[in-house]
Amino acid sequence: MTRVAVISGASSGIGAATARGLAAAGYEVVLLARREERLKELCDQIGPQARYHVLDVTDADAVTAFAGTVEQCDVLVNNAGGAVGADPVLSADPAAWRAMYEVNVIGPLQLTQALAPKMKHTDDAVIVVLTSTAADVLYEGGGGYTAAKHGEHALAGTLRLELCGEPVRVIEIQPGMVATPEFSLNRFGGDQAKADAVYAGVAEPLTAEDVADTIVWSITRPRHVNVDLMVLRPRAQAAQHKVHRVTQ
């Protein structure tokens, strides 16, 4: 039986790269995101083993409806997420914090709850939660995002405890600085200069493909091997506040 992997946030960046990687590893992939044109284009690139479903993971009714179309799920990659703004706590917009909590915590919660019953057929179900080094490390201007990612980290760790003894592996991947076309651009409301400044002088930040390669590797370990938590950063980044930048 072909194994089926469901990937959220699959229209670009790490999600799209993970879909390509899992398809190359022999999985049938189901791509979830809000942008249908991007999803269709990616499915066309991957071929007949890919299909897509337009979905906002924060919409509970839509998630339930999607789950009703799924016969089996062997792997769930909770990749959908994001940051909104970089304002100090005292001037931050509470609506931005709510939006980040919804997409980074409630979205993965709802998708995992809805698809868990579709994993009953296998003795090697895998749930991947893509968090961030922000799930462990705080930094100025990152209060809302780090709070959300800390919450998502708690979701992954608690789920692993609660499913101990079940044939399910719960894997958390924490990337550091990843240069994708959209993450920082979305965070700063389309301000390209602010987005570019995040990576200024960093010779080789991680790529979406680097993270996807790690996700695929962790999923394809033997069923008795669980990668509880993996942190990956570019060599130039020793910590959130310690980044080597080459200046002209």
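For the structure, check the block above.
Since we're looking at a predicted model, the values are computed, not measured.

Caption draft 1: Inspection of the overall build of the protein at higher detail. From N to C terminus, the protein includes eight helices and nine strands. Seen through its principal axes, the protein has C-alpha atoms that stretch 55 × 35 × 35 Å. Counting every position in the protein, which comprises 248 residues, the buried fraction comes to 48%. Contacts spanning at least 24 positions in sequence make up 68% of the contacts within the protein whose residues lie at least 6 apart.

Caption draft 2: Summary view of the pattern of salt bridges. Counted under the stated rule, the structure contains eight salt bridges. In this structure, arginine 3 and aspartate 124 form a salt bridge, with 3.9 Å as the shortest nitrogen-oxygen distance. With arginine 3 in the segment before β1 (4–7) and aspartate 124 in the loop between α4 (94–115) and β5 (125–130), the pair connects residues that are 121 residues apart, well separated along the chain. Overall, arginine 3 belongs to the partly exposed group, its relative accessible area being 21%.

Caption draft 3: The arrangement of the side chain of serine 132 in detail. With respect to the helices and strands, serine 132 occurs in the loop between β5 and α5 (143–162). A distance of 2.9 Å separates a polar side-chain atom of serine 132 from the backbone nitrogen of alanine 134. Apart from the residues within four sequence positions on either side, serine 132 is in contact with Tyr145, Lys149, Ile173, Gln174 and Pro175.

Caption draft 4: Structural detail: the side chain of threonine 214. By the secondary structure assignment, threonine 214 is in helix α8 (residues 208–219). Among all residues touching threonine 214, those that are not within four sequence positions of it are Ile173, Met230 and Leu232.

Caption draft 5: Summary view of the pairing of strand β4 (residues 75–78). Of the two faces of β4, the one lined by Val75 and Val77 and the one lined by Leu76 and Asn78 are each fully buried. With three bridges joining them, β1 and β4 adopt parallel strand pairing. Looking at the pairing, isoleucine 7 lines up with valine 77 of β4. Strand direction decides the pairing type here: β4 and β5, joined by four bridges, are parallel. From the neighbouring strand, asparagine 78 faces β5, where its bridge partner is valine 129. Taken together, β4, α4 and β5 constitute a β-α-β crossover, and its handedness is right-handed.

Caption draft 6: Representation of the environment of leucine 115 in the model. Looking at where leucine 115 falls in the secondary structure, it is placed in helix α4. With residues near it in sequence (within four places) discarded, leucine 115 still touches Val6, Phe66, Ala67, Val70, Cys73 and Leu76.

Caption draft 7: Summary view of the sheet that holds strand β3 (residues 50–54). With respect to topology, seven strands assemble into an open sheet ordered β3-β2-β1-β4-β5-β6-β7, the strand pairing being parallel. The open sheet terminates on both sides in strands that have one partner only, identified here as β3 and β7 (229–232). Mean inter-strand twist for the sheet, computed between neighbouring axes without regard to direction, equals 15 degrees. Against the sheet, α8 makes contact with β4, β5, β6 (168–175) and β7, and its axis sits at roughly 160 degrees relative to β6, the strand it touches most.

Caption draft 8: How the structure looks around the environment of threonine 214. The class of threonine 214 is buried, set by a relative accessible area of 13%. In the structure, threonine 214 is positioned 96 residues away from lysine 118 in sequence and 25 Å away in space, judged by C-alpha atoms.

Caption draft 9: Just the packing of helix α3 (residues 60–67) against α4, in detail. Interaxial distance between α3 and α4 falls to 9 Å at its minimum, and their mutual angle equals 30 degrees. Between α3 and α4, the interaxial angle falls into the category roughly parallel. Classified by chirality, the crossing of α4 by α3 is right-handed. Where α3 abuts α4, its residues Ala60, Val63, Phe66 and Ala67 lie against Gln110, Leu111, Ala114 and Leu115.

About the cut-offs
- Residues numbered from 1 in each chain as written.
- Predicted model: local features only at pLDDT ≥ 70, side-chain atom pairs only at ≥ 80, totals over all residues.
- Heavy atoms only, no water.
- Helix = DSSP H or I, 4+ residues; strand = E, 2+ residues; numbered from the N terminus.
- Buried < 20%, exposed > 50% of the residue type's maximum accessible area, 1.4 Å probe, protein only.
- Contact = heavy atoms within 4.5 Å.
- Salt bridge = Lys/Arg side-chain N within 4 Å of Asp/Glu carboxyl O.
- Polar contact = N/O pair within 3.5 Å; in protein donor to acceptor, adjacent residues only side chain to side chain.
- Pairing = 2+ DSSP bridges.
- Right-handed = clockwise from strand over helix to strand, strands pointing away.
- Axes fitted to C-alpha atoms, helices over the stretch in contact; angles between N-to-C directions.
- Parallel < 35°, antiparallel > 145°, perpendicular 65-115°, else oblique.
- Left-handed = near helix turned anticlockwise from the far one by under 90°.

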